[in-house]
Amino acid sequence: MEGAAAREARGAEAPRASAPPPAPSEPPAAPRARPRLVFRTQLAHGSPTGKIEGFTNVRELYAKIAEAFGIAPTEILFCTLNSHKVDMQKLLGGQIGLEDFIFAHVRGETKEVEVTKTEDALGLTITDNGAGYAFIKRIKEGSIINRIEAVCVGDSIEAINDHSIVGCRHYEVAKMLRELPKSQPFTLRLVQPKRAFDMIGQRSRSSKCSVETKVTSGRETLRLRSGGAATVEEAPSEFEEEASQKVDDLLESYMGIRDPELASTMVETSKKTVSAQEFARCLDSVLGEFAFPDEFVVEVWAAISEAREACG
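Described below are features of the structure shown in this document. (Residues numbered from 1 in each chain as written. Predicted model: local features only at pLDDT ≥ 70, side-chain atom pairs only at ≥ 80, totals over all residues. Heavy atoms only, no water.)

Now for the overall build of the protein chain. Looking only at helices and strands, the protein chain features seven helices and twelve strands. Residues classed as buried in the protein chain amount to 44% of the 312 residues present. At a minimum sequence separation of 6, the contacts of the protein chain that also span at least 24 residues come to 65%. When the accessible area of the protein chain is evaluated, it comes to approximately 16900 Å², of which 51% is carbon and sulfur surface. (Helix = DSSP H or I, 4+ residues; strand = E, 2+ residues; numbered from the N terminus. Buried < 20%, exposed > 50% of the residue type's maximum accessible area, 1.4 Å probe, protein only. Contact = heavy atoms within 4.5 Å. Areas by Shrake-Rupley, 256 points an atom, 1.4 Å probe, with all protein chains shown as cover.)

A word on the packing of helix α4 (residues 238–255) against helix α7 (residues 294–310). Axis separation between α4 and α7 bottoms out at 8 Å; the angle between their running directions is 155°. By the angle between their axes, α4 is roughly antiparallel relative to α7. Crossing of α4 over α7 shows right-handed handedness. Taking contact as the criterion, the partners of Phe239, Glu242, Ala243, Lys246, Val247, Leu250, Leu251 and Tyr254 in α4 are, on α7, Glu295, Phe296, Glu299, Val300, Ala303, Ile304, Glu306, Ala307 and Arg308. Its residues placed into classes, the contact of α4 with α7 shows eleven nonpolar, no polar and six charged. (Axes fitted to C-alpha atoms, helices over the stretch in contact; angles between N-to-C directions. Parallel < 35°, antiparallel > 145°, perpendicular 65-115°, else oblique. Left-handed = near helix turned anticlockwise from the far one by under 90°. Nonpolar A, V, L, I, M, F, W, Y, C, P; charged D, E, K, R; others polar.)

With that settled, consider the packing of aromatic side chains. All told, the structure shown has eight aromatic pairs when counted by the stated rule. Judged by centre distance (5.4 Å) and plane angle (40°), the rings of phenylalanine 279 and tryptophan 301 are tilted. In this pair, phenylalanine 279 is assigned in helix α6 (residues 276–287) and tryptophan 301 in helix α7, connecting sequence segments 22 residues apart. Here phenylalanine 279 falls in the buried class, since its relative accessible area comes to 0%. By relative accessible area, which is 15% here, tryptophan 301 ends up buried. Between the aromatic rings of phenylalanine 292 and phenylalanine 296, the centroid separation amounts to 5.2 Å while the plane-to-plane angle is 35°, which identifies the pairing as tilted. The buried category is assigned to phenylalanine 292, whose relative accessible area is 12%. Joined through ring pairs, the aromatic side chains of Tyr171, Tyr254, Phe290, Phe292 and Phe296 make up one cluster. (Phe/Tyr/Trp six-rings, centres within 6.5 Å; stacked < 30°, edge-to-face > 60°.)

Glancing now at the packing of α4 against helix α5 (residues 260–270). Where α4 meets α5, the closest approach of the two axes is 8 Å, and the angle between their N-to-C directions is 120°. For the element pair α4 / α5, the angle class is oblique. The crossing of α4 and α5 is right-handed. When α4 is examined against α5, the residues Phe239, Glu240, Ala243, Ser244, Val247, Asp248 and Leu251 are found in contact with a partner set consisting of Pro260, Leu262, Ala263, Ser264, Met266 and Val267. Among the residues forming the contact of α4 with α5, the class breakdown is nine nonpolar, two polar and two charged.

With that settled, consider the pairing of strand β3 (residues 76–81). Among the six residues that make up β3, six are buried, leaving the element largely enclosed by the rest of the structure. With five bridges connecting them, β3 and strand β5 (residues 102–116) associate as antiparallel partners. From the neighbouring strand, threonine 80 faces β5, where its bridge partner is phenylalanine 103. (Pairing = 2+ DSSP bridges.)

It is worth spelling out α6 at this point. If you check α6, its first and last C-alpha atoms are 15 Å apart, about what twelve residues at 1.5 Å a residue would give, namely 16 Å. Of all the residues in α6, the buried ones are Ala276, Phe279, Leu283 and Leu287. One side of α6 holds all its buried residues, which, seen down the axis, span an arc of 55°. Along α6, the residues that are exposed and aim more than 90 degrees away from the buried face are Gln277, Arg281, Asp284 and Ser285. Those residues of α6 that are buried lie in contact with α5 and α7. (Expected span 1.5 Å × (residues − 1). Arc of directions from axis to C-beta.)

Looking at the element boundaries, serine 270 is found in helix α5. For serine 270, the side chain forms a polar contact with the main-chain oxygen of valine 267, separated by 2.6 Å. Contacts of serine 270, omitting those with residues within four sequence positions, involve Phe279, Trp301, Ile304 and Arg308. (Polar contact = N/O pair within 3.5 Å; in protein donor to acceptor, adjacent residues only side chain to side chain.)

Let's shift gears to unusual backbone geometry. Here serine 183, not a glycine, exhibits a phi torsion of approximately 65°, which is positive. Locating serine 183 in the fold gives a position in the loop between α3 (170–179) and β10 (185–193). For alanine 291, which is not glycine, the phi dihedral falls at a positive 50°. Residue class for alanine 291 comes out exposed when judged on its relative accessible area of 59%.

Encoded structure:
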């Protein structure tokens, strides 16, 4: 048997070192905060440069610009990107490049013109600013309106025969103009944008351009949405740009409107569908208020498919 002295000697041995405690785990890295999106802006007819941020749709954008310059949001007719001129190829749509400079065109003089509709089409292409004002985006060469020098690209249509159309969407205004009876004079009340000295007397190009200039300057853009928060997205792909341009051309030929954001929404909708029939059903659920005719939807599907094939 082991003696007490041996047990006592062993008990006197130094205790075995225990394993070091595990190092505390590092807290998960916080997601990298995106820098504040601050945009530079001016009034198109001339002003100091202001800075705006924190908007998620066009109405909020106009409110921020109005606050920066001490004017009412309703004074703003439309905005262009990177140009103070009434250039419809630089018109602000649903996307703003993160480096784009925003120019706000505000209300100038009001004018009234009398028009006699001698043909079915007046030669106007209508768009709207997303905040209640429809305005003239294009005037067709040789058309009824083209012969009236007082009517210019960029003019906001405030009333038809003293009936205010403020708050109407562009397609509603285009429909009203199409339905006016022939050979019967009617009156347009127009508001022209206030112009800088170098723009006075300029009527703006009215001929149709085959390719709209891309105005975004960076790889990322701020996408404005009518519902929900704005998001920062990659710039549109070659297919998206080509398809949206084709759809915008069809909107003009079928409905007398141009709307790059609407065209972009239709292209996005097409990505979720595999046939013209499915595309038509999706359009009806997303954009039912437009009541697109069946033949138009088929044309749009064919144009988008053609752009997809061309871009690989």
